[in-house]
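One-letter residues, chain by chain:
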Amino acid sequence: MHDAYRRLLAHVNTVHDLGKAAAVLRWDRETHMPKAGDPARIEQLTTLRRLIHERSTSDAYGDLIEAGAAAVADTDDGADGLAADLVRVLRYDFDRARRLPEDFVVRMAETSARARTVWESARAEADFARFRPWLERLVDLQREMAERYGHAGEPYDALLEGYEQGATTAAVRAVFDAVKRETVPLVQAIAERPGAVDDAVLRQPFPVDGQQAFARHIASQVGYDFERGHLGTVVHPFATSFGRDDVRITTRWYPDDLRPALFGTLHEAGHGIYEQNTHPALARTPLAGGASSGIHESQSRMVENLVGRSRPFWRAHFPALQRHFPAQLGACDAERFYRAVNKVQPSLIRVEADELTYNLHIVLRFELEQAMLGGDLAVGDLPAAWNDGLRNLLGVVPPSDREGVLQDVHWSGPSFGYFPTYALGNLYAAQLMEAARAQSPAVDADLEAGQTGGLLAWLHDQVHRHGRRLPPAELVQRATGAPLGHTAFVRYARAKFADLYGLHA
Ligand code: ZN
């Protein structure tokens with residue numbers, strides 16, 4: 001290995017380690033830290049963030065990258081192009097980070113921290129007027145951020161890029177419009193058969209220790225490795241990785257509803273499986289993460305929905321669940337349980353939405369973010385636009401802004417451009433699953449038996465091991481032979497819900 005490349009790698013490893021130290025502090029903050037520790041913890045995290053920012057944007061680092069790049073170009077021992085991929089990603093991240101000056105980053109962080117506190121109280125009291133001036137400031141900052149990053153006419157592109165590299169607003173809009181066109185009539189047809197699916201069995205007292213035992217069981221059944229993992233308890237579930245051999249997932253337990261823990265755990269296990277299976281050679285570099293937020297989400301949705309809400313999955317695993325809860329589920333059977341966990345019900349809250357209506361919650365947010373950013377929608381008119389949009393898409397209207405426009409934390413982030421990746425995850429997942437089934441007979445054979453071995457082998461080859469080496473569009477094209485589209489999801493959803501609700505597909 002050339003000295004210049006070795007020096008670059010040492011620098012990159014150091015910055016990566018600082019980032020992982022911050023991740024441990026954040027994980028601990030959410031899971032174990034006493035609330036009184038928060039001020040000190042924020043100082044520690046701010047210190048780490050400053051160190052990381054300095055080392056990620058300095059002129060000296062820029063020189064290291066270029067010297068390393070020259071060394072890589074000179075040698076052809078680049079072991080399958082890994083060094084070239086790393087240099088490409090480092091250049092990309094460096095260039096993007098340098099577009100935001102230090103004082104802007106600080107202004108954004110301070111405004112967002114204070115907006116977050118205001119949002120919490122505004123939501124608690126359903127008082128949008130309190131949050132409004134802060135959201136106005138945040139929209140201005142997002143607009144400034146988009147201009148600083150630069151774009152070719154559509155400012156939203158610059159923000160979307162931060163979560164889904166290479167995706168354009170126009171392309172996402174086209175796919176989402178198609179999803180809307182295909183999904184809304186399906187949801188309406190289902191609404192005409194309200195009694196077809198009954199989910200009462202899920203809402204009973206379920207002792208939390210039983211939920212925890214089954215969550216661990218089912219997470220390991222789908223392929224999450226507890227030898228290199230850990231399941232913790234939090235208010236807002238997430239997955240985080242400190243390295244491929246230490247990938248933590250978290251969930252929450254509702255004593256009278258099985259769904260949040262069950263499907264939340266499967267969801268985070270999907271994220272965790274991705275991180276546990278990136279190639280070891282990518283360790284301690286930015287290549288060790290996922291390809292994008294949308295691709296990461298595809299792995300969690302795959303496990304949560306395409307696997308975890310499938311009929312064969314519950315045929316195989318319902319008996320074990322029943323053994324944990326004989327009093328609650330003794331009279332139920334796998335088919336009834338499968339139907340219950342797939343009930344479609346237009347609702348107000350995104351995080352509780354079913355598989356079919358979920359994307360429509362995202363389409364609404366995607367459209368409103370663009371309208372605010374482009375100046376077509378004043379922040380003061382946002383609650384009304386939200387309620388109109390939800391009525392048009394799902395036929396429901398929130399009784400107050402707490403269940404409406406104030407429900408999500410993201411806009412205090414401000415994180416414009418992040419929401420679409422949730423729905424992109426659903427679409428990627430359906431497209432990847434269709435390709436996996438077509439390419440590998442072991443995928444279907446295993447899934448029919450409630451096992452994921454065949455699917456994980458295919459995903460490992462096509463998705464997991466690459467980490468961030470492939471941009472999302474290239475990953476999807478190589479794995480499925482086509483760019484991202486809506487058709488695989490629509491085929492999947494039509495077939496599944498026509499069967500469940502007795503519709504003509
Ligand atoms: Zn997720």
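None of these values were measured; they are calculated from a predicted model. (Residues numbered from 1 in each chain as written. Predicted model: local features only at pLDDT ≥ 70, side-chain atom pairs only at ≥ 80, totals over all residues. Heavy atoms only, no water.)

1. Brief notes about the overall build of the protein chain
Scanning the protein chain for helices and strands turns up 21 helices and three strands. For the protein chain, whose C-alpha radius of gyration is 23 Å, the value lies close to the compact-globule estimate of 23 Å for 505 residues. Judged by the C-alpha coordinates and their principal axes, the protein chain covers about 65 × 55 × 50 Å. Going through the 505 residues of the protein chain one by one, you find that 52% of them count as buried. By sequence separation, contacts in the protein chain at least 24 residues apart represent 73% of the contacts at least 6 residues apart. Only carbon and sulfur atoms are counted for the fraction: they give 52% of the accessible area of the protein chain, which is about 21600 Å². Across the protein chain, the 56 positively charged side chains and the 67 negatively charged ones have centroids separated by 2 Å. (Helix = DSSP H or I, 4+ residues; strand = E, 2+ residues; numbered from the N terminus. Rg over C-alpha atoms; globule rule 2.2 N^0.38 Å. Buried < 20%, exposed > 50% of the residue type's maximum accessible area, 1.4 Å probe, protein only. Contact = heavy atoms within 4.5 Å. Areas by Shrake-Rupley, 256 points an atom, 1.4 Å probe, with all protein chains shown as cover. Lys, Arg positive; Asp, Glu negative; His and termini not counted. Charge placed at Lys NZ, Arg CZ, Asp CG, Glu CD.)

2. Some words on the coordination of the zinc ion
Distances from the zinc ion to its protein donors, namely His 267 (NE2), His 271 (NE2) and Glu 297 (OE), fall within the range 2.1 to 2.2 Å. For the zinc ion, all donor residues lie on one chain, and their spacing in sequence is H-x3-H-x25-E. Of this pair, His 267 sits in helix α10 (residues 259–276) while Glu 297 sits in helix α11 (residues 293–307); the two residues are 30 residues apart in sequence, bridging distant segments of the chain. This pair shows no difference in class: His 267 is buried, exactly as Glu 297 is. (Donors = N, O, S within 2.8 Å, 3.2 Å for Na, K, Ca; no water.)

3. Concerning the domain arrangement of the protein chain
Much of the literature gives interface size as the accessible area that the parts lose upon coming together. Its domain assignment divides the protein chain into domain 1 (3–153) and domain 2 (169–501). On a C-alpha basis, the centres of domain 1 and domain 2 stand 26 Å from each other. With 41 residues of domain 1 at the contact, the number on the domain 2 side is 40 residues. Between domain 1 and domain 2 lies a buried interface of about 3500 Å² when both sides are counted; carbon and sulfur atoms form 65% of it. Per-residue buried area on domain 1 facing domain 2 is highest for Trp 27, Phe 128 and Gln 142; these three make up 19% of the total on that side. (Domains from an automatic or database assignment. Buried area = accessible area lost by both parts, 1.4 Å probe.)

4. Here's the deal with the side chain of Asp 85
Examined against the element boundaries, Asp 85 turns out to sit in helix α4 (residues 82–98). Take Asp 85: its relative accessible area is 17%, and that puts it in the buried class. Among residues more than four places away in sequence, those in contact with Asp 85 are Leu 287 and Arg 469.

5. Topic: the pairing of strand β3 (residues 247–251)
Buried residues dominate β3, accounting for five of its five residues. Here β3 shows a buried face lined by Val 247, Ile 249 and Thr 251 and a second buried face lined by Arg 248 and Thr 250. When strand β2 (residues 239–241) meets β3, the two strands line up antiparallel, connected through three bridges. Each residue of the ladder has a partner; that of Ala 239, found in β3, is Ile 249. Counted between consecutive antiparallel strands, the loop separating β2 from β3 contains five residues, among which Gly 243 sits at a positive phi close to 150 degrees. (Pairing = 2+ DSSP bridges.)

6. Regarding the packing of helix α8 (residues 169–191) against helix α21 (residues 487–501)
Following both chains from N to C, one finds α8 and α21 inclined at 5 degrees, their axes separated by 11 Å at the closest point. As judged from the angle between their axes, α8 and α21 are roughly parallel. Here Glu 182, Leu 186 and Ile 190 of α8 come into contact with α21, specifically with Val 490, Ala 493, Arg 494, Phe 497 and Tyr 501. Residue composition of the contact of α8 with α21, by class: six nonpolar, no polar and two charged. (Axes fitted to C-alpha atoms, helices over the stretch in contact; angles between N-to-C directions. Parallel < 35°, antiparallel > 145°, perpendicular 65-115°, else oblique. Nonpolar A, V, L, I, M, F, W, Y, C, P; charged D, E, K, R; others polar.)

7. Some remarks on helix α6 (residues 128–149)
Over its 22 residues, α6 runs 30 Å from end to end, which matches the ideal 32 Å to within 8%, given 1.5 Å per residue. For α6, the set of buried residues is Phe 128, Phe 131, Trp 134, Leu 135, Leu 138, Val 139, Leu 141, Gln 142, Met 145, Ala 146 and Tyr 149. Buried residues along α6 sit in contact with α4, α5 (102–124), α7 (155–160), α15 (358–373) and α16 (382–394). Two residues or fewer past α6, Gly 150 is found with a positive phi of approximately 90 degrees. (Expected span 1.5 Å × (residues − 1).)

8. A few points about the sheet that holds strand β1 (residues 229–233)
Spatially, β1-β3-β2 is the arrangement adopted by the three strands of the open sheet, whose pairing is mixed. The strands lining the two open edges of the sheet, one partner per strand, are β1 and β2. This sheet shows a mean twist of 20 degrees between the axes of neighbouring strands, independent of strand direction. Across the sheet, α10 is in contact with β1, β2 and β3; its angle to β3 comes to roughly 165 degrees.

9. Observations regarding the pattern of salt bridges
Under the defined criterion, the tally for this structure stands at 42 salt bridges. Here Arg 173 and Glu 154 are joined by a salt bridge, their closest N and O atoms 2.7 Å apart. Of this pair, Arg 173 sits in helix α8 while Glu 154 sits in the loop between α6 and α7, placing them 19 residues apart in sequence. Taking relative accessible area as the criterion, Glu 154 reaches 25% and is therefore assigned partly exposed. Residue Arg 228 is joined to Asp 225 by a salt bridge in which the shortest nitrogen-to-oxygen separation is 2.9 Å. Residue classification places Asp 225 among the partly exposed residues on the basis of a relative accessible area of 24%. (Salt bridge = Lys/Arg side-chain N within 4 Å of Asp/Glu carboxyl O.)

10. Brief notes about unusual backbone geometry
Here the residue pair Gly 413 and Pro 414 is connected by a cis peptide bond, since its omega of -5 degrees sits within 30 degrees of zero. Tracing the backbone through its elements, the reader meets Pro 414 in the loop between α16 and α17 (420–439). Residue Ala 126 is not a glycine yet carries a positive backbone phi of 50 degrees. When you line up the elements, Ala 126 lands in the loop between α5 and α6.

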